[in-house]
Amino acid sequence: MRILIVEDESKTAIHLKKGLGELNIVSDIATNGLEGFALAEKNDYALIILDVMLPGIDGFEVVTRLRNNDNKTPVLFLTARCEVADRVTGLRLGADDYLVKPFAFSELAARIQAILRRGKDLQPDALRVADLEIDFFAHKANRGGKRLNLTQKEFALLSLLAGHTGEVFSRTRIAERIWNMDFDSDPKVVEVHMRNLRAKVDDPFENKLIHTVRGVGYVLEHR
Ligand code: CA
């Protein structure tokens, strides 16, 4: 899970990123509206924390553009006290919540969790591909009716691939999504975890679900 922070005050942005990191939430920072919009369109975020007053285009304009592009990523507005009158505008534009600055991080964390929980209701609690069953709610996976003993990272990896059946994931994209690593990180980390995951998910079974797409990455599908 990844969150986008759009905030031009670097102190606030860094404070947010650090706080989210302590909750094991990975985040990216954009320092102006256009950069925020571009990142939100490029990446798949669970939530956007969006400051209202920003250089370039403001937070309201960012949401308007996202919604016009049919981007439904939840948005939580951060707004200064003097801008509270604007909150109605913000919510009407399609923000999911707002918070008045200055705020306590615990308050923000509670709002974020509430929004993410709402979002989760739209996602399935469980998923099935052939005889593989993943229970996201209980954090369990079975194959052929037998429980797979997966580490946290292996479960995350399997959930990512199984949640996008037929879609090829490059090592870089997997590293970004699961380990919050950038492009120059060691691709072996992904390979090692993938090998361990396949040993558990596929090796004991004749019908393989995880496939290597040479030179591209990995895909999970029932062939
Ligand atoms: Ca600002």
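The model shown is predicted, which means the values in this text are computed figures rather than measured ones.

J.: Can you walk me through the coordination of the calcium ion in this structure?
T.: Ideal geometry at a metal gives 109.5 degrees between four tetrahedral donors and either 90 or 180 degrees between six octahedral ones. Bound to the calcium ion are the protein donor atoms Asp-8 (OD), Asp-51 (OD) and Met-53 (O), situated 2.1 to 2.3 Å from the metal. Between the donor residues of the calcium ion, the gaps in sequence give the motif D-x42-D-x1-M. Taken together, the residues span a long stretch of sequence, with Asp-8 in the loop between strand S1 (2-6) and helix H1 (10-22) and Asp-51 in strand S3 (residues 47-51) at a distance of 43 residues. With relative accessibility at 2%, the residue Asp-51 sits in the buried group.

J.: Please explain the pairing of strand S6 (residues 126-129) as it appears in this structure.
T.: Consecutive side chains along a regular strand alternate between the two faces of the sheet. With 4 bridges joining them, S6 and strand S7 (residues 132-135) adopt antiparallel strand pairing. Its bridge partner being in S7, Val-129 is matched across the sheet by Leu-132. The antiparallel hairpin formed by S6 and S7 contains 2 residues in its connecting segment, where Ala-130 sits at a positive phi of about 50°.

J.: Just to check I follow, could you spell out the packing of aromatic side chains for this structure?
T.: Geometry of an aromatic ring pair is reported as the spacing of the ring centres plus the angle between the planes. All told, the structure shown has 1 aromatic pair when counted by the stated rule. The interplanar angle of 80° and the centroid separation of 5.3 Å between the aromatic rings of Phe-60 and Phe-77 together place this pair among those described as edge-to-face. Placement of the pair is Phe-60 in helix H3 (residues 59-68) and Phe-77 in strand S4 (residues 75-80), with a sequence separation of 17 residues.

J.: Honestly, the side chain of Ser-27 in this entry has me stumped. Any pointers?
T.: Position of Ser-27 among the secondary structure elements: in strand S2 (residues 26-30). Once you skip the residues sitting within four places of it in the chain, Ser-27 turns out to touch Ile-3, Ile-5, Lys-17 and Leu-20.

J.: Just to check I follow, could you spell out H3 for this structure?
T.: Helical periodicity: at 3.6 residues per turn, an α-helix aligns residues three or four positions apart in one direction. Residues Gly-59, Phe-60, Val-62, Val-63 and Leu-66 constitute the buried set of H3. Each buried residue of H3 lies within a common arc of 160° when the element is viewed along its axis, so the set occupies one face. Looking at where H3 begins, the residue whose side-chain oxygen comes 3.2 Å from the main-chain nitrogen of Phe-60 is Asp-58. Among the residues trailing H3, Asp-70 stands out with phi positive, at a value near 65°.

J.: For this particular structure, what's the right way to read the packing of helix H7 (residues 171-179) against helix H8 (residues 188-201)?
T.: Pairs of packed helices are described in terms of their axes, by the angle between the two and the distance that separates them. Close contact between H7 and H8 brings their axes to 9 Å; oriented N to C, the two are set at 85°. Between H7 and H8, the angle is such that the two are roughly perpendicular. Residues Arg-171, Ile-174, Ala-175 and Trp-179 of H7 form the contact with H8, whose participating residues are Val-189, Val-190, Glu-191, His-193 and Met-194. Within the contact of H7 with H8, the residues separate by chemical class into 6 nonpolar, 1 polar and 2 charged.

J.: Can you help me understand the nonpolar core in this one?
T.: Nonpolar side chains in soluble globular proteins tend to end up buried together. In this structure, Leu-158, Ile-174, Met-194, Leu-197 and Leu-220 are the most contacted members of the largest nonpolar core, which totals 25 residues. Secondary structure elements with two or more residues in this core: S7, helix H6 (152-162), H7, H8 and strand S11 (217-220). Here the element with the most residues in this core is H6; it accounts for 6 residues. Apart from residues lying up to four places away in sequence, Leu-220 is in contact with Val-129, Leu-132, Leu-158, Leu-161, Ala-162, Thr-165, Gly-166, Leu-209 and Ile-210. Within the second largest apolar cluster, 19 residues are counted, among which are Ala-40, Val-52, Val-75 and Phe-77.

J.: So what exactly am I meant to see when it comes to the environment of Ala-13 here?
T.: Locating Ala-13 in the fold gives a position in helix H1. In this structure Ala-13 comes out as buried when scored by relative accessible area, which is 1%. C-alpha of Ala-13 to C-alpha of Ala-30: the two residues are 17 residues apart in sequence and 8.7 Å apart in space. Residue contacts for Ala-13: discarding those within four places in its chain leaves Ile-5, Glu-7 and Ile-29.

J.: How do you make sense of H1 when you look at a structure like this?
T.: Here H1 contains 13 residues, and its C-alpha end-to-end distance of 18 Å stays within 8% of the 18 Å for a straight helix at 1.5 Å per residue. Considered for burial, the residues of H1 that qualify are Thr-12, Ala-13, Leu-16, Gly-19 and Leu-20. Buried residues of H1, seen end-on, are gathered within an arc of 135° and therefore sit on one face of the element. Seen from the buried face of H1, the exposed residues on the opposite side, beyond 90 degrees, are Lys-11, Ile-14, Lys-18 and Glu-22. A positive backbone phi angle near 65° is found at Asn-24, which sits one or two residues after H1.

About the criteria used
- Residues numbered from 1 in each chain as written.
- Predicted model: local features only at pLDDT ≥ 70, side-chain atom pairs only at ≥ 80, totals over all residues.
- Heavy atoms only, no water.
- Donors = N, O, S within 2.8 Å, 3.2 Å for Na, K, Ca; no water.
- Helix = DSSP H or I, 4+ residues; strand = E, 2+ residues; numbered from the N terminus.
- Buried < 20%, exposed > 50% of the residue type's maximum accessible area, 1.4 Å probe, protein only.
- Pairing = 2+ DSSP bridges.
- Phe/Tyr/Trp six-rings, centres within 6.5 Å; stacked < 30°, edge-to-face > 60°.
- Contact = heavy atoms within 4.5 Å.
- Arc of directions from axis to C-beta.
- Polar contact = N/O pair within 3.5 Å; in protein donor to acceptor, adjacent residues only side chain to side chain.
- Axes fitted to C-alpha atoms, helices over the stretch in contact; angles between N-to-C directions.
- Parallel < 35°, antiparallel > 145°, perpendicular 65-115°, else oblique.
- Nonpolar A, V, L, I, M, F, W, Y, C, P; charged D, E, K, R; others polar.
- Core = buried A, V, L, I, M, F, W, Y, C linked by side-chain atoms within 4.5 Å.
- Expected span 1.5 Å × (residues − 1).

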